Amino acid sequence: MIAAGGFFDGRGLVAALAYGAAGIAMGTRFLLTSDSPVPDEVKRFYLRTRDTVVTRQVDGLPHRVLRTDLVDSLETSTRPRRLLSAARNAARFRRLSGLSWPGLLREGAALRRGTGLSWSQVLMAANTPMLLKSAMVDGRTDLGVMASGQVVSVIDDPNDLPSCAELIDRIMAEAYAALDRLERGSTAVMKRE
């Protein structure tokens, strides 16, 4: 089992291992490395931002994302306006994917059967790839949605973009330090008894 959600340092690794996990997954933390292909302006935006929100307004399913003006406008916009935006994104997605309109409708029908989503949710599903692409590929933090774990709020250094190797080395050093503290603490308790 791999533990996921909120991991970013060696203490978390030790805690997950203590609970029986074989390791940890760190999506947001590895996104914020110098090796990540995400545009630098997006990485800086993540490091400046402390607030996330869970929204269903992107495609009808819950997503944890950075709170931005776009996300706030999605949260407060009317259903017809969201559907119009989703229809525009469906057209952009169709052009990007090379699907024909009948092909796109067949994919939507299959998605609807497989998930039980409503047609409006299926239409809104085109939002996800287009809004993620806008931010994570094109670097448009103003036009895109940025998926994020809550860990973004605990990365204190606004310039903390180590390489993946540096991050792993740091996490391992922190894990060994945490284990040493635990061992010293349990030894002290045993001596008192």
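The structure we're discussing is the one just above.
Residues numbered from 1 in each chain as written. Predicted model: local features only at pLDDT ≥ 70, side-chain atom pairs only at ≥ 80, totals over all residues. Heavy atoms only, no water.

Check the secondary structure of the protein chain and you find nine helices and four strands. Element order for the protein chain, N to C, with α for helix and β for strand: β-α-β-α-α-β-β-α-α-α-α-α-α. For 193 residues, the compact-globule estimate of 2.2 N^0.38 gives 16 Å, and the protein chain exceeds it by more than 25% at 21 Å. If one aligns the C-alpha atoms of the protein chain with their principal axes, the spans along those axes are about 75 × 35 × 30 Å. When contacts within the protein chain are restricted to residue pairs at least 6 apart in sequence, long-range pairs at least 24 apart make up 59% of them. Just so you have it, the protein chain exposes about 11,300 Å², and 57% of that area is on carbon and sulfur atoms. Taking the average location of the 26 positive side-chain charges in the protein chain and that of its 21 negative ones, the two points are 10 Å from each other. (Helix = DSSP H or I, 4+ residues; strand = E, 2+ residues; numbered from the N terminus. Rg over C-alpha atoms; globule rule 2.2 N^0.38 Å. Contact = heavy atoms within 4.5 Å. Areas by Shrake-Rupley, 256 points an atom, 1.4 Å probe, with all protein chains shown as cover. Lys, Arg positive; Asp, Glu negative; His and termini not counted. Charge placed at Lys NZ, Arg CZ, Asp CG, Glu CD.)

If the charged atoms of two oppositely charged side chains come close together, the side chains can form a pair. Enumeration according to the criterion identifies eight salt bridges in this entry. For Asp 40, the salt bridge goes to Lys 43, with nearest N and O atoms at 3.7 Å. You can see Asp 40 and its partner Lys 43 sitting in helix 3 (residues 40-48), three residues apart, about one turn around the helix. A residue is classified by how much of its surface remains accessible, and Asp 40, at 44% relative accessible area, is partly exposed. (Salt bridge = Lys/Arg side-chain N within 4 Å of Asp/Glu carboxyl O. Buried < 20%, exposed > 50% of the residue type's maximum accessible area, 1.4 Å probe, protein only.)

For the rest of this paragraph, the subject is the packing of helix 5 (residues 79-97) against helix 8 (residues 127-136). Relative to each other, helix 5 and helix 8 sit at 80°, their axes nearing to 8 Å. For the element pair helix 5 / helix 8, the angle class is roughly perpendicular. Counting all contacts with helix 5, which are made through Ser 85, Ala 86, Asn 89, Arg 92, Phe 93 and Leu 96, the residues of helix 8 involved are Asn 127, Pro 129, Met 130, Leu 131, Lys 133 and Ser 134. Across the contact of helix 5 with helix 8, the residue classes break down as six nonpolar, four polar and two charged. (Axes fitted to C-alpha atoms, helices over the stretch in contact; angles between N-to-C directions. Parallel < 35°, antiparallel > 145°, perpendicular 65-115°, else oblique. Nonpolar A, V, L, I, M, F, W, Y, C, P; charged D, E, K, R; others polar.)

The next point concerns helix 4 (residues 69-76). Listed as buried for helix 4 are Leu 70, Val 71 and Leu 74. Projected down its long axis, helix 4 carries its buried residues within an arc of 100°, all on one side. When the buried face of helix 4 is taken as reference, the exposed residues oriented beyond 90 degrees from it are Asp 69 and Thr 76. Elements that come into contact with the buried residues of helix 4 comprise strand 3 (52-55), strand 4 (63-66), helix 5 and helix 8. (Arc of directions from axis to C-beta.)

What follows covers the nonpolar core. Within the largest apolar cluster, 13 residues are counted, with the highest numbers of intra-cluster contacts made by Leu 31, Leu 32, Val 42, Tyr 46, Leu 66, Met 136 and Met 146. Every element with two or more residues in this core is listed here: helix 3 and helix 8. Those residues in contact with Leu 66 that sit more than four places away from it in its chain are Phe 45, Tyr 46, Thr 49, Asp 51, Thr 52, Val 71, Met 146, Ser 148 and Val 152. In this structure, Ala 16, Ala 21, Leu 167 and Ala 175 belong to the second largest nonpolar core, which totals eleven residues. (Core = buried A, V, L, I, M, F, W, Y, C linked by side-chain atoms within 4.5 Å.)

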